[in-house]
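# Structural description and commentary
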Amino acid sequence: MFHRESGVFKTTYSADMALYPLPIAKWTVAVLALVFVVIVPFFVHEYYLSILNLIFIAIVGALGLNILVGYTGQISIGHGAFMSVGAYTAANLAVKLGLPFWLTLPAGGLMAALIGVIVGMPSLRIKGLYLAIATLAGQLIIEWTINRVPAISGGAQSSIEVDRPTLFGFSFNTQGSLYFFLLFFAVIAIVATLNLVRSRIGRAFVAVRDQDIAAEIIGINIYRYKLLAFAISSFYAGVCGVLYTYYFGIANYEQFQLVVSIDYLAMIIIGGLGSVLGTILGAIFVTLLPIVIRIFMENVGGLFFTTAEMANVISGLRLGVFGGLIIFFLIVEPEGLNRLWRNIRSYFRVWPFSY
Amino acid sequence: MTRFVKSWLGVAATTATLALGAGQAFAQKEVVFGLQCDRTGPTANVGTVLCPGYQDYIALVNSKGGVEGHKIKVLEIDNEYKVPPAIEAHERFKKDGAVLEGLYGTPQTAGLNKKLEEDKILGTSPGFGTASAADGKRYPYTFPIAASYWSQAGAAVAFAKEKLGGSLKGKKIAYIFYDNPAGKEPLAVLEDLAKDEGFEMRTFAVPAPGLEMGAQILDITGRFKPDFIISHLFGRAPSVSIKELKGKGFPLSKVVGLVWASSEADIIAAGGMGVAEGYNTIQFAGVGKDFPVIKDIEAMYKAQGKQPPKEMDSTVLYNRGVLIAALHVEALRNAIKAKGGATPNSEEVKKGMESIKGFTLGGLVPPMEITTADHEGGGWVEIWTVKGGKLVRTKEWFQGYRPVIQKHLAADASKS
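The model shown is predicted, which means the values in this text are computed figures rather than measured ones. (Residues numbered from 1 in each chain as written. Chains lettered and ligands numbered in written order. Predicted model: local features only at pLDDT ≥ 70, side-chain atom pairs only at ≥ 80, totals over all residues.)

## Describing the nonpolar core
Considering soluble globular proteins, one finds that nonpolar side chains tend to be buried as a cluster. Judged by nonpolar contacts, the single largest core of 221 residues is most densely connected at Ile 57, Ile 59, Val 60, Tyr 236 and Leu 243 of chain A together with Ala 156 of chain B. Not counting residues up to four positions away in its chain, the partners in contact with Ala 156 of chain B are Ile 230, Val 256, Leu 258 and Ile 282 of chain B. (Core = buried A, V, L, I, M, F, W, Y, C linked by C-beta atoms within 7 Å. Buried ≥ 20, exposed ≤ 12 C-beta atoms within 10 Å, placed from the backbone. Contact = placed C-beta atoms within 7 Å.)

## Digging into the interface of chain B and chain A
Each partner contributes residues to the interface: chain B has 33 residues there, and chain A has 33 residues. Sorting the residues of the side of chain B that touches chain A by element identifies helix H1 (2–25), helix H2 (44–63), strand S2 (71–78), helix H3 (83–95), helix H4 (106–119), helix H6 (181–184) and helix H7 (187–197) of chain B as the ones contributing at least two each. Looking at the side of chain B that touches chain A element by element, the count peaks at eight residues for H3 of chain B. Of the residues contributing to the side of chain B that touches chain A, the split by class is 13 nonpolar, eight polar and 12 charged. (Helix = DSSP H or I, 4+ residues; strand = E, 2+ residues; numbered from the N terminus. Nonpolar A, V, L, I, M, F, W, Y, C, P; charged D, E, K, R; others polar.)

## Describing the packing of helix H4 (residues 79–96) of chain A against helix H6 (residues 129–148) of chain A
Residues and elements named next belong to chain A. It is the contact of H4 with H6, at a shortest axis distance of 8 Å, that shows an interaxial angle of 35 degrees. Between H4 and H6 lies a crossing of left-handed hand. Two secondary-structure elements touch here, H4 through Gly 80, Ala 81, Ser 84, Val 85 and Tyr 88 and H6 through Gly 138, Gln 139, Ile 142, Glu 143 and Ile 146. Looking at the contact of H4 with H6 residue by residue, the class counts come to five nonpolar, four polar and one charged. (Axes fitted to C-alpha atoms, helices over the stretch in contact; angles between N-to-C directions. Left-handed = near helix turned anticlockwise from the far one by under 90°.)

## Quick word on the sheet that holds strand S9 (residues 255–257) of chain B
All names here are of chain B. The strand order S7-S6-S8-S9-S10-S11-S12 describes an open sheet built from seven strands, whose pairing is mixed. Each edge of the open sheet carries a strand with a single partner, namely strand S7 (200–206) and strand S12 (390–398). Adjacent strand axes in the sheet meet at a mean angle of 25 degrees when their direction is disregarded. Bridge count between strand S6 (residues 172–178) and S7: seven bridges; the pairing is parallel. Within the sheet, the bridge partner assigned to Phe 177 lies in S7 and is Ala 205. (Pairing = 2+ DSSP bridges.)

## Overview of the sheet that holds S2 of chain B
Residues and elements named next belong to chain B. Pairing is parallel across the open sheet formed by five strands, whose spatial order is S2-S1-S3-S4-S5. Each of the sheet's edge strands pairs with one partner strand only, and the pair in question is S2 and strand S5 (142–143). Relative to strand S3 (residues 98–102), strand S1 (residues 30–37) is paired through four bridges, and the arrangement is parallel. Residue Phe 33 lies in a different strand from S3, and its bridge partner there is Leu 100. Of the strands in this sheet, S1, S3 and strand S4 (122–124) are in contact with helix H12 (residues 315–338), which crosses S3 at around 155 degrees.

## As for the domain arrangement of chain A
For an interface, size is often stated in terms of accessible area lost upon the parts coming together. Residue and element names in this part refer to chain A. What the domain assignment lists for chain A is domain 1 (1–42) and domain 2 (44–349). For domain 1 versus domain 2, the separation of C-alpha centres amounts to 25 Å. With eight residues of domain 1 at the interface, the matching set in domain 2 holds 11 residues. Per element, the largest residue contribution to the side of domain 1 that touches domain 2 is three residues, and it comes from helix H2 (residues 23–43). Class assignment for the residues of the side of domain 1 that touches domain 2 results in six nonpolar, one polar and one charged. (Domains from an automatic or database assignment.)

Right, dumping it as structure tokens:
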């Protein structure tokens, strides 16, 4: 991630596919683990943990979307709806049957995967903008169903309250304990995706994305892999929805509307399509940028504006800077933050002897 | 280059000094209020007026020396009507030691109910969230402090009954609503009342974003031909409904809009006050500038040599901001008094909120009584009607079918 050998010395496929290209990579992971498991939760204020928690949930959802859009090339704007499928499945199981989170979480994911496959079926016949509209239809149908079917949504308010997740009698009810809860699933999601994309399935996804006819000719069952991509992506979305449900303590209709799908698309496009690191960077960027702009303005804006003006200035500036930065990043590097990071890294790889 | 760096260092140093200075000046007695807003999201038309109302009232209180010797600092965060930023905002308020917070948005309120209870910080959600949040036993730290959709529906039916000559037997009432959970919420109460009062009710759902309702209006005016219409719409939809009803020749004096279909902007966007003559609105805060507190805010601006802000002209939403701020300040005042002048913590402010009674701010705030059990304060509303180019009060503070609402609250509480 942060380090590279000074040239390309790989001579075998297994070396090329290795998760840890260099021995030092293992140490990096170990240090990261130390920082996030030991140092951060015990030395960082709860407020910052809450921001990290939101980032962890966003990472899970964004990874799922990137598997579908970035790796398999199937556009989806129904990601928010798949989250709601997971959320309501888990909430219903938790409230009506009293199941613990370690059962409701995979159940929510699986139900979302099932619905995802159904919504993804048009991808067998159409692609691009057509598929975007088909998934949009999926989003709207799922929204309508949740709004209109009380058996799923639990009444007029379409909200189901759930208790905090508990494990062996321990309740995750503070930002500090939820931090570990969410970190655990974010790490699983990251590791699973890293392994998925270097496996046969991941490579098949990339082949389908790059040229599906060619992929079919070299023996990839594109129907199967397209639907598999929808299933896996929706599974992540479902899990993300369940995590939101437990984090907020409620599954609510308005938490998973179309704008959420768009937000997640923004994350992976800013971060970099078809890249795990990019997804993480994108999730961090989209979650953190508004907060950073606000904190900056709170400290500096007082020099230029009165307190009454400030509220409007911060809100407006945040939208403006956010939009401006998206355009800026995509002009400077259309492949997103991930590519930007790689460019910086390859510059330093031969530094100071670049030519 | 060095000059550039130096000038920035200068700025940084000034900032630091200012921050330190400000910290010392207010260090002795300062209380922090958190306020969530929507100035840029889908409901920005509300947030950009309501939040200045809140800020202005707090500025007024501070300019008069604060509350019992305490200055109030408002920390405002724009949540864009999204849930994750609302969570972040709450954590930020908690970090900065806020004793209470004003919530904004129904999903945001839902997402924070549990957190408020765990962190023991009260949140107010006037016009947002579920009707069952009025039950203080069930949601101890959530305070709607204004009539819920249930209470509004009850009041709308009570008003219709009065308008239609004291009896609803055999009458027809149309309920046109935005097809989302908030729009559907009053249905339970309305169906109950239809049975009790013997009127026929039919519902007409308008799908989001509610800009096209020709079919529904035609259905109402052409086929159902109701005696009265209750309209529960949001955003730009109320304007469209007024325009369409007017176009079909339905008398607007037989229409009542619930609280988010009732601002001046909604009526003006429908073609101006003149077009909407007779349109009735339900309000949970007083309307217009004819209140001492509004005059005081204007005087405060004049004293600073400034013009009062243009948001003040949108009195429906601006006054709601003032109402929220006033109740926050009143809760703080009660808490400080109960503690004999010392700075209270968030739990004591919650008790202060639960002892608000007989505080009307010259008629802008209803005669509500917030108790441990009733966080809605009684569900009071007023009816204001468009007459001669402005909103005029037609019915003073009243509660519609309170026993029915309480029955529903009890039934809802026993379900969970």
